[in-house]
Amino acid sequence: MNISIEARTLHFKQPAGTSRGVYTQRKIWLVEIEENGRRGIGECAPLPDLSCDVSADYEAVLRGFCDRLEQTNAIDYEALRPYPSMLFGIETALKSLQNDLIFDTPFARGEEGIPINGLVWMGTFEEMQARIEEKLEAGFGCVKLKIGAIDFEQELSLIRQIRRRFTKAEVELRVDANGAFRPEAALDRIKLLAGLDIHSIEQPIRQGQWPAMARLCRETPLPIALDEELIGGSSLAEKACLLDTIRPQYLVLKPSLHGGMHGCREWIALARQRNIGTWLTSALESNIGLNAIAQFCSDVYGRDIRFPQGLGTGRLFTDNIPMPLEIRGDRLWICRRS
């Protein structure tokens, strides 16, 4: 087995705004495994100011784990717990080396599509309004809005515009605050959003405030989904403690942030035991990572996909890596040639 690493910088077609700042480009590392004439590739894509494994010596640490894999032919999952983006890339490369498909599912074979949400990035009122129109015209039945960058009343106005035209049965609306609300103001804002028939709100307050988040999840009229709260190299016992303390309604899982595919399976198993809903989403990966997450999604949920998944970010970059992925209406497909 021989493993090589290639660093790349991807450039966004337009600035991607979150409550944590604006991304115009991002760096990724591609892990390529070659063995007996076969080739597997995976993507390691840590997000600055968000991922727990971002570091100045990221590539050197990744190289160390790849060297260990070359020697042992096995992934050391416990050692990689604090490095979720590295684990995800290594897992993907190894699985794609071993199989023609990362997962042999109807989606991976190009027979079925996965329902996805349309994502509306933060921006000015006019920019967000135009982006919402674009998603609705494209036929998305579920639209997710990133909020927290402009005045909250303006954001409510945008949502009211949608609700005047479409009922919740016609268009499902999700919002993602990325931790933008202050704990003392969060419940009042959530109540206002609940009056607009929102499906759920992701991470209303910043992570690490367990008592405040637990109170919100107890008192909220609107289902709360944890996202950033799940970042870190948590053990199985620590994950169970978090869920039992906060008791959220949903988890939004991103392999690059939440423990790779291995760690996400742990979160999903614990959530199912507690009747907590889950869905998967990408974290601004290239098409290499998006393809792997989508195939993983099809393996985890099979044909019982209860919620639209967040898998539509592959169009964000000017210099994306070609993959046979295509969005048709509100579904993501792999295009297999016969």
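Residues numbered from 1 in each chain as written. Predicted model: local features only at pLDDT ≥ 70, side-chain atom pairs only at ≥ 80, totals over all residues. Heavy atoms only, no water.

## Some thoughts on the pattern of salt bridges
In step 1: Considering all chains together, one arrives at 22 salt bridges under this definition.
In step 2: Taken together, the salt bridges that share partners define one network made up of Glu78, Arg81, Lys239 and Glu266. (Salt bridge = Lys/Arg side-chain N within 4 Å of Asp/Glu carboxyl O.)

## A word on the packing of helix 3 (residues 125-137) against helix 4 (residues 152-165)
In step 1: In the contact formed by helix 3 and helix 4, the axes pass within 10 Å of each other and the chain directions differ by 25°. Classified by the angle between their axes, helix 3 and helix 4 sit roughly parallel to one another. The hand of the helix 3/helix 4 crossing is right-handed. Facing helix 3, whose interface residues are Phe125, Met128, Gln129, Ile132, Glu133 and Leu136, helix 4 presents Gln154, Ser157, Leu158, Gln161, Ile162 and Arg165.
In step 2: Here the residues of the contact of helix 3 with helix 4 are counted per class, giving six nonpolar, four polar and two charged. (Axes fitted to C-alpha atoms, helices over the stretch in contact; angles between N-to-C directions. Helix = DSSP H or I, 4+ residues; strand = E, 2+ residues; numbered from the N terminus. Parallel < 35°, antiparallel > 145°, perpendicular 65-115°, else oblique. Left-handed = near helix turned anticlockwise from the far one by under 90°. Contact = heavy atoms within 4.5 Å. Nonpolar A, V, L, I, M, F, W, Y, C, P; charged D, E, K, R; others polar.)

## Some words on unusual backbone geometry
Residues other than glycine predominantly adopt negative phi, and peptide bonds predominantly adopt the trans conformation.
In step 1: Even without being a glycine, glutamine 203 presents a positive backbone phi close to 40°.
In step 2: Structurally, glutamine 203 is set in the loop between strand 8 (200-202) and helix 6 (210-219).
In step 3: Residue classification places glutamine 203 among the buried positions, given a relative accessible area of 0%.
In step 4: Its identity is not glycine, yet arginine 247 carries a phi of approximately 55°, on the positive side.
In step 5: Tracing the backbone through its elements, the reader meets arginine 247 in the loop between helix 7 (236-246) and strand 10 (250-253).
In step 6: Its relative accessible area of 54% is what places arginine 247 among the exposed residues. (Buried < 20%, exposed > 50% of the residue type's maximum accessible area, 1.4 Å probe, protein only.)

## Details of the sheet that holds strand 12 (residues 325-328)
In step 1: In spatial order, the strands read 4-13-12; together these three strands make up an open sheet with antiparallel pairing. The strands lining the two open edges of the sheet, one partner per strand, are strand 4 (114-115) and strand 12.
In step 2: Two elements, strand 4 and strand 13 (residues 331-334), share two bridges in a ladder whose sense is antiparallel. The residue bridging proline 115 from the neighbouring strand is arginine 331, located in strand 13.
In step 3: Contacts from helix 9 (residues 287-301) reach strand 4, strand 12 and strand 13, with the element oriented near 100° to strand 13. (Pairing = 2+ DSSP bridges.)

## Let's talk about the sheet that holds strand 9 (residues 224-226)
In step 1: The seven strands lie next to each other as 5-6-7-8-9-10-11, forming an open sheet whose pairing is parallel. Of all the strands in the sheet, the pair left with one neighbour each is strand 5 (118-120) and strand 11 (277-280). The sheet shows a mean angle of 25° between the axes of neighbouring strands, direction not considered.
In step 2: Relative to strand 11, strand 10 is paired through four bridges, and the arrangement is parallel. Along strand 11, the bridge assignment pairs valine 252 with tryptophan 279.
In step 3: Seen against the sheet, helix 8 (residues 260-273) touches strand 10 and strand 11 and runs at an angle of roughly 170° to strand 10.

## Notes on the state of the cysteines
Disulfide: a covalent bond formed between the sulfur atoms of two cysteine residues.
In step 1: The tally for this structure, following the rule as stated, stands at zero disulfides.
In step 2: No disulfide involves cysteine 217; its nearest neighbouring cysteine sulfur is the one of cysteine 241, lying 14 Å away.
In step 3: Taking the relative accessible area as the measure of exposure, cysteine 241 reaches 39% and is therefore partly exposed. (Disulfide = S-S within 2.5 Å.)

## Let's talk about the pairing of strand 6 (residues 142-146)
In step 1: The buried fraction of strand 6 amounts to five of the five residues, a majority that puts the element mostly inside the structure.
In step 2: Side-chain alternation along strand 6 places Cys142, Lys144 and Lys146 on one buried face and Val143 and Leu145 on a second face that is also buried.
In step 3: As paired strands, strand 5 and strand 6 are joined by three bridges and run parallel to one another. In the strand pairing of strand 6, leucine 119 is matched with lysine 144.
In step 4: Traced from strand 5 through helix 3 to strand 6, the parallel crossover comes out right-handed.
In step 5: The pairing of strand 6 with strand 7 (residues 172-176) spans five bridges and is classified as parallel. (Right-handed = clockwise from strand over helix to strand, strands pointing away.)

Function-wise, these values are silent; they only describe arrangement.
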